[in-house]
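The chain contents come next:
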Amino acid sequence: MALREGALRLNLLLNSRTFYKFNSSVGVRSLSEHVSSTPVTSSAPEIASDHLIYTQEHFALKESLRKIIDQEINPHVEQWEAEGIFPAHKVFKILGSAGFLGVNKPVEYGGLGLDYSYSVAVAEELGHIRCGGIPMAIGVQTDMTTPALARFGSAVLKQEFLLPSIMGDQVACLGVSEVGAGSDVSSIMTKAVRKGDEYVINGGKMWTTNGTQADWICLLANTSDGPPHRNKSLICVPMNLPGVQIARKIEKLGMWSSDTAEVFFDDVHVPCKNIIGQEGMGFTYQMLQFQEERLWAVANILTMMENVIQETIQYTKQRKIFKRPVLHNQSVHFRLAELQTEVELLRALLHSATALYIKGNDVTKLASMAKLKGGRLAREVGDSCLQFWGGMGFTSDVLVSRFYRDSRLMSIGGGADEVMLGIICKYMGTLPKN
Ligand SMILES: Cc1cc2nc3c(=O)[nH]c(=O)nc-3n(C[C@H](O)[C@H](O)[C@H](O)COP(=O)(O)OP(=O)(O)OC[C@H]3O[C@@H](n4cnc5c(N)ncnc54)[C@H](O)[C@@H]3O)c2cc1C
């Protein structure tokens, strides 16, 4: 039912001003024409009637996004990777104008008002960007920084921060991790002390994606001295306030085109109205926000894995050693078959978690399982495929080496593998109590 409502909504939106503007600029055809074309690399059923959760509208959305990726993003990826940053405001404006920064966000704040399966479809399609950094930066904007604001924020706050983020007029970032607290979110030290009708913020955030370019940060801070799960709040903090300081842009193993910052807050004054929802509920809101972050990350990396496997098949088919293609060695084609099988298993888990999520279920356990498996499988795909490319795989000229570097983050960021295991154990009732 939810899917059908979403599909109808998208149908309407495809005829709306926003989509029309976008469609005409990239030459997108009518909805029925969208559906007839087949995406290039996916081995998943790509006909809507055969798909478990995607309708014709999902495929139309994916195809529209693919045009933007091919025309506006992929031609610049090499340059942005080399420069260690991409122009977030420019790229987000293109995506925002076309409706892709808020597919499941409320219509009154510029979103498309669709259910979360459309966000998963968008995340999958973003996996066609030929690096991990840019999709991650987009995901931070759409599925990591704004879900709590959309769900629990006041109308005034949504007008000020959500709407411009969905329209692509502002870049957002998420401030949870700190130098001394990543996996253990409850132990963050940043404080927001209420003084009159303002909070005064002191502390620092680490590894903040989009941090050097962001207009605002969704900041997790301690707003009281109470118990660690009840003393935190999420606050929207403009990054141009006095006392907000970008300490440095962090150099990294991978995700080069995504800027990662260390940010300090020194007596930063923010109006109390900038708090998302209720004071003291920030930890809970952030845990809920993580569900979408994790589903998004899995959807995104699925496509990347599939593309790397496909490109490895193409390369090993034409690369001859000992007078026959590399691919003709059983150890090679069997391994690729095994990896593709695992990708399909992960896809099944993602789509069943998504189907349950859009029906209103808590899918923390399934999302954590998918995130765990996604991180581990990405490491296997990267390592095995790179091996089959030989010396070429070790160069910077090919997708597989970038994937090998970029995808390593999946087992660390947004909750490390061990954190996922801990959550799964909690749901299984096997985690010893302290
Ligand atoms: C490129 C990049 C972008 C990021 N973007 C953001 C962002 O935008 N916003 C943000 O808030 N954060 C961001 N992060 C931070 C990221 O979420 C954290 O790095 C991650 O949560 C892990 O925290 P940590 O690095 O402090 O590792 P630690 O907490 O120090 O953990 C170190 C290791 O300990 C192990 N471990 C953890 N828990 C357990 C356990 N229970 N049992 C056994 N072993 C365990 C794991 O192997 C883990 O990798 C980003 C990080 C990177 C690298």
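Residues numbered from 1 in each chain as written. Predicted model: local features only at pLDDT ≥ 70, side-chain atom pairs only at ≥ 80, totals over all residues.

If you look the protein chain up in an unreviewed UniProt entry, it shows as Acyl-CoA dehydrogenase 6 from Pagothenia borchgrevinki. For the protein chain, the Cofactor (unreviewed entry) comment in UniProt is given as "FAD". Under the heading Pathway (unreviewed entry), UniProt records this for the protein chain: "Lipid metabolism; mitochondrial fatty acid beta-oxidation." (UniProt positions renumbered as here; feature names shortened; annotations may be inferred.)

This part takes up the overall build of the protein chain. Of the regular secondary structure elements, the protein chain holds 16 helices and nine strands. For the protein chain, with 434 residues in total, the buried portion stands at 49%. Put simply, 74% of the contacts in the protein chain that link residues at least 6 apart link residues at least 24 apart. (Helix = DSSP H or I, 4+ residues; strand = E, 2+ residues; numbered from the N terminus. Buried ≥ 20, exposed ≤ 12 C-beta atoms within 10 Å, placed from the backbone. Contact = placed C-beta atoms within 7 Å.)

Note on placement: V244 falls in strand 6 (residues 244-249). Look at V244 and you get buried, because 20 C-beta atoms sit within 10 Å. Counting along the chain gives 22 residues from V244 to D266, while the straight-line C-alpha distance between them is 6.5 Å. Once you skip the residues sitting within four places of it in the chain, V244 turns out to touch M239, V263, F265 and V268.

Taken together, 23 residues form the shell around the ligand, and within it V176, S177, G182, S183 and W207 come nearest. Looking at the shell around the ligand, the elements that each hand over two or more residues are strand 1 (172-175), strand 3 (198-209) and helix 16 (417-428). Both of domain 2 (172-280) and domain 3 (284-428) provide at least three residues apiece to the shell around the ligand. (Near = placed C-beta within 6 Å. Domains from an automatic or database assignment.)

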